[in-house]
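Breakdown of the fold
Here are the chains, one letter per residue:
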Amino acid sequence: MMSDFKKIGIGLTSFGLFFTFLGVLLLFDKSLLAMGNVLFLSGVTLIIGAQRSVRFFLARRRWKGSACFFSGITLVLIGWPIIGTLVEAFGFVNLFGYVFSPFLCRISSFFTNNVLALHQLKVQHFSDSKCTHDFVLLAVV
């Protein structure tokens, strides 16, 4: 069973990501980006707890990601939204990149398996007809 703090934290994190996306979509609106940053940080803090979030952001192996992430938030808050968002995105990938790694591996393996099956299907289909191999290579690419 999930506690109420975690439920609220998931909501705040979701709204934070939504406001950040909306701020980027609306040509780097400073207020939406700042609101998204505050909501995201407060949501993460509620999900994993205050002590664990401090340990997470101040871990020795994550200091580059944390420095870039918080520097990007500071740049957004002082009025440089484009540069701040880019620096913050770099820090976000460095901090939370391990979360995306298994997801991207599964997507790439799914894509590779389906493309190989599609390739075999097209080769069989085109080899049955009277087409050249050059056309098969163009159709696959």
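Residues numbered from 1 in each chain as written. Predicted model: local features only at pLDDT ≥ 70, side-chain atom pairs only at ≥ 80, totals over all residues. Heavy atoms only, no water.

1. Considering the side chain of T85
When you line up the elements, T85 lands in helix α5 (residues 81-128). In this structure T85 comes out as buried when scored by relative accessible area, which is 15%. Apart from the residues within four sequence positions on either side, T85 is in contact with V24, F28, L33 and V76. (Helix = DSSP H or I, 4+ residues; strand = E, 2+ residues; numbered from the N terminus. Buried < 20%, exposed > 50% of the residue type's maximum accessible area, 1.4 Å probe, protein only. Contact = heavy atoms within 4.5 Å.)

2. A look at helix α3 (residues 50-57)
Here α3 has its buried residues at S53, F56 and F57. Considered in projection along α3, the buried side chains sweep an arc of 85° and stay on one side of the axis. Facing away from the buried surface of α3 by more than 90 degrees, the exposed residues are Q51, R52 and R55. (Arc of directions from axis to C-beta.)

3. Things to note about a nonpolar patch on the surface
A grouping of I78, W80, I82, I83 and L86 is seen on the molecular surface, where their side chains present a nonpolar patch of about 560 Å² in accessible area. Among the secondary structure elements, I83 is positioned in helix α5. What makes I83 partly exposed here is its relative accessible area of 48%. (Patch = residues over 30% accessible without salt bridge, like charges linked within 9 Å, V, L, I, M, F, W, Y side chains within 5 Å. Areas by Shrake-Rupley, 256 points an atom, 1.4 Å probe, with all protein chains shown as cover. Salt bridge = Lys/Arg side-chain N within 4 Å of Asp/Glu carboxyl O.)

4. A look at the packing of helix α1 (residues 4-25) against helix α2 (residues 30-48)
For the pair α1 and α2, the least separation of the axes is 7 Å and the interaxial angle reads 155°. Classed by the angle they form, the pair α1 and α2 counts as roughly antiparallel. Taken as a pair, α1 and α2 cross one another with a handedness that is left-handed. Partitioning the contact of α1 with α2 into residue classes produces 17 nonpolar, nine polar and one charged. (Axes fitted to C-alpha atoms, helices over the stretch in contact; angles between N-to-C directions. Parallel < 35°, antiparallel > 145°, perpendicular 65-115°, else oblique. Left-handed = near helix turned anticlockwise from the far one by under 90°. Nonpolar A, V, L, I, M, F, W, Y, C, P; charged D, E, K, R; others polar.)

5. Examining the environment of I78
Here I78 lies in helix α4 (residues 63-78). Judged by relative accessible area, I78 falls into the exposed class, the value being 56%. With 48 residues separating them in the primary sequence, I78 and K30 have C-alpha atoms 9.0 Å apart.

6. A short note on unusual backbone geometry
A positive phi angle, near 60°, is found at L27, a position not held by glycine. Within the secondary structure, L27 sits in the loop between α1 and α2. Of note in the backbone geometry, F28 takes a positive phi value of approximately 55° without being a glycine. Structurally, F28 is set in the loop between α1 and α2.

7. Here's the deal with α4
With 16 residues, α4 extends 22 Å from end C-alpha to end C-alpha; this agrees with the ideal 22 Å at 1.5 Å per step. For α4, the set of buried residues is G65, S66, F69, G72, I73, L75 and V76. Backbone geometry just after α4 places G79 at a positive phi near 115°. (Expected span 1.5 Å × (residues − 1).)

8. A closer look at the confidence of the model for the chain
On average, the chain scores 82 in pLDDT, and the residues at 70 or more come to 77%. Counted against residues more than four places away or in other chains, residues 122-141, with its pLDDT under 50, gives eight contacts. (pLDDT = per-residue confidence, 0-100.)

9. Details of the packing of α2 against α4
In the contact formed by α2 and α4, the axes pass within 9 Å of each other and the chain directions differ by 145°. Considering the relative orientation of α2 and α4, their crossing is left-handed. Listed contacts from α4 to K30, L33, A34, N37, F40 and L41 of α2 are F69, F70, I73, V76 and L77. Class assignment for the residues of the contact of α2 with α4 results in nine nonpolar, one polar and one charged.

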